[in-house]
Amino acid sequence: MEKILEGQTALVTGGSRGIGAAVVDRLAAMGARVAATATTMDGAAHLGTRLGDAGGRGYCLDVCNDEAMDTVLKQVRQDLGSPSILINNAGITRDQLLLRMKDEDWDLVIQTNLRAVYRLSRLCVRDMLKAQYGRIVNITSVVGMMGNAGQSNYAAAKAGVAGFSRALAREVASRRVTVNCVAPGFIETDMTSGLPQDHRESLLHQVPAARLGSPADVAAAVAYLVSPEAGYVTGETLQVNGGLWMG
Ligand SMILES: NC(=O)c1ccc[n+]([C@@H]2O[C@H](COP(=O)([O-])OP(=O)(O)OC[C@H]3O[C@@H](n4cnc5c(N)ncnc54)[C@H](OP(=O)(O)O)[C@@H]3O)[C@@H](O)[C@H]2O)c1
C-alpha cells in the first residue's frame, strides 16, 4: 500500500477491537504513526506490540475521563508529535426502550459517543489550525439517520455528532482542516455479536448488499477521508451500509 500518510500522526480512539482496530491497521499501512487507545492497560500494551514496527503506540484511555484525555494527548504529542489526523471511533450502546431508559444509560451514551467527540476534537484542532492542515473523521451510525427502536440514546448521540461535525467543518475549512463522518450500517463486531438470530436475519433482508459489513469496509472509507486528496470534502457523512439507508 502506498505510504501516503508518511510523516503524519493519527490518533484513533477505541483502536483495540472492531472498526477501530481495522482503522488502526489501515492507517499504519498507509504510513501514519498511529496512536491508538484502549480502555485497559492490557489492551494498550497489545496495541503497542501490534504497532511497534510501524512506529505507533498504544495508550490507555477512557474517553469519559477529561483528565485522562488531557494527559494522553500530551503524551501522544511528546511520543509521536501532534496528531494531524483524529479518528473519533470509541463508542458504546446501552439499548432500552425509552419508557424503561435509565438516566445513567442515557448520560453514559451521550458522554461517551458525543461529549468525548467534542472534547477531543477541541483539544486536537488547535494544532491542526496552526499547521494549516488536519483531518477529523467521526464514526457515527446509520441509526443516527434512520432511528432504531431501543436506541434513542445512541441515535441522539450519533445525530449530534453529525451536526457537530458540520458546524466544526465550517469553522476550520479555510485552514485546510476537514471534518467528516463515516456512518456504518450493521458491521460484524462485538457490538453486533449479541443481536438475536431472528433480528439478524430480519436485518439482512433490509440490506440490499445482503450481508453485514466488515470493519475493513469502514476502514476503507476512513482511509479516503484522511487522504490528502480528500481536501475538498468536508462536513460530509459517508454512508457505509450496503444500501440499508440512502440519504
Ligand atoms: N458495529 C456496528 O454495527 C456499528 C455500526 C454503526 C456505528 N458503529 C460505531 O463504530 C464505532 C466502533 O464500534 P465497534 O462496533 O467497533 O465497537 P466494539 O467492537 O464494541 O469496540 C468498541 C471500542 O471502543 C472502545 N471504548 C468503549 N468505551 C470506551 C471509553 N469509555 N473510552 C475509550 N474507548 C472506549 C473499546 O475499547 P476496549 O476494547 O478497551 O473496551 C473498543 O476499542 C462506535 O462508535 C460505534 O458506535 C458501529
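Residues numbered from 1 in each chain as written. Predicted model: local features only at pLDDT ≥ 70, side-chain atom pairs only at ≥ 80, totals over all residues.

1. Examining the overall build of the chain
Across its full length, the chain carries nine helices and seven strands. Against the globule reference of 18 Å for 247 residues, the chain gives a C-alpha radius of gyration of 17 Å, in line with a compact fold. Overall size of the chain, expressed as C-alpha extent along the three principal axes, is 45 × 35 × 35 Å. Counting over 247 residues, the chain shows a buried share of 43%. (Helix = DSSP H or I, 4+ residues; strand = E, 2+ residues; numbered from the N terminus. Rg over C-alpha atoms; globule rule 2.2 N^0.38 Å. Buried ≥ 20, exposed ≤ 12 C-beta atoms within 10 Å, placed from the backbone.)

2. Section: the sheet that holds strand β5 (residues 134–139)
Read across the open sheet, the seven strands follow the order β3-β2-β1-β4-β5-β6-β7; overall the sheet is parallel. The open sheet has two edge strands with one neighbour each: β3 (57–60) and β7 (237–240). Neighbour-to-neighbour, the strand axes of the sheet open up by a mean angle of 20 degrees, direction not taken into account. One ladder, built from four bridges, connects strand β6 (residues 177–184) with β7; its direction is parallel. Bridging from a neighbouring strand, Pro 184 pairs with Val 240 of β7. Here helix α6 (residues 152–172) sits on the sheet in contact with β5, β6 and β7, set at roughly 160 degrees to β6. Across the face of the sheet, helix α9 (residues 215–226) comes into contact with β4 (85–88), β5, β6 and β7 while running at roughly 165 degrees to β6. (Pairing = 2+ DSSP bridges. Axes fitted to C-alpha atoms, helices over the stretch in contact; angles between N-to-C directions. Contact = placed C-beta atoms within 7 Å.)

3. Focus: the site of the ligand
Around the ligand, the structure places 30 residues, and the nearest of them are Gly 14, Gly 18, Ala 90, Gly 91 and Thr 189. Looking at side-chain class alone, the shell around the ligand contains twelve nonpolar, 15 polar and three charged residues. (Near = placed C-beta within 6 Å. Nonpolar A, V, L, I, M, F, W, Y, C, P; charged D, E, K, R; others polar.)

4. A closer look at the environment of Ala 220
One can find Ala 220 in helix α9. A C-alpha to C-alpha distance of 9.6 Å links Ala 220 and Leu 27, two positions 193 residues apart in sequence.

5. A look at the environment of Ala 219
Secondary-structure assignment places Ala 219 in helix α9. On the basis of neighbour count, Ala 219 is assigned to the buried category, with 22 C-beta atoms found within 10 Å. Note: C-alpha distance between Ala 219 and Val 172 (47 residues apart in sequence) is 24 Å. When residues no more than four places from it in sequence are discounted, the contact partners of Ala 219 are Ala 22, Val 23 and Arg 26.

6. Let's talk about the packing of helix α4 (residues 103–131) against α6
One can describe the packing of α4 onto α6 by two numbers: an axis separation of 9 Å at closest approach and a directional angle of 15 degrees. Overall, the two elements α4 and α6 adopt an arrangement that is roughly parallel. By crossing handedness, the relation of α4 to α6 is classed as right-handed. Taking contact as the criterion, the partners of Asp 105, Trp 106, Val 109, Ile 110, Asn 113, Leu 114, Val 117, Tyr 118, Ser 121, Val 125 and Leu 129 in α4 are, on α6, Asn 153, Tyr 154, Ala 156, Ala 157, Lys 158, Gly 160, Val 161, Phe 164, Leu 168 and Val 172. Each residue belonging to the contact of α4 with α6 can be placed in one class, and the counts come to 15 nonpolar, four polar and two charged. (Parallel < 35°, antiparallel > 145°, perpendicular 65-115°, else oblique. Left-handed = near helix turned anticlockwise from the far one by under 90°.)

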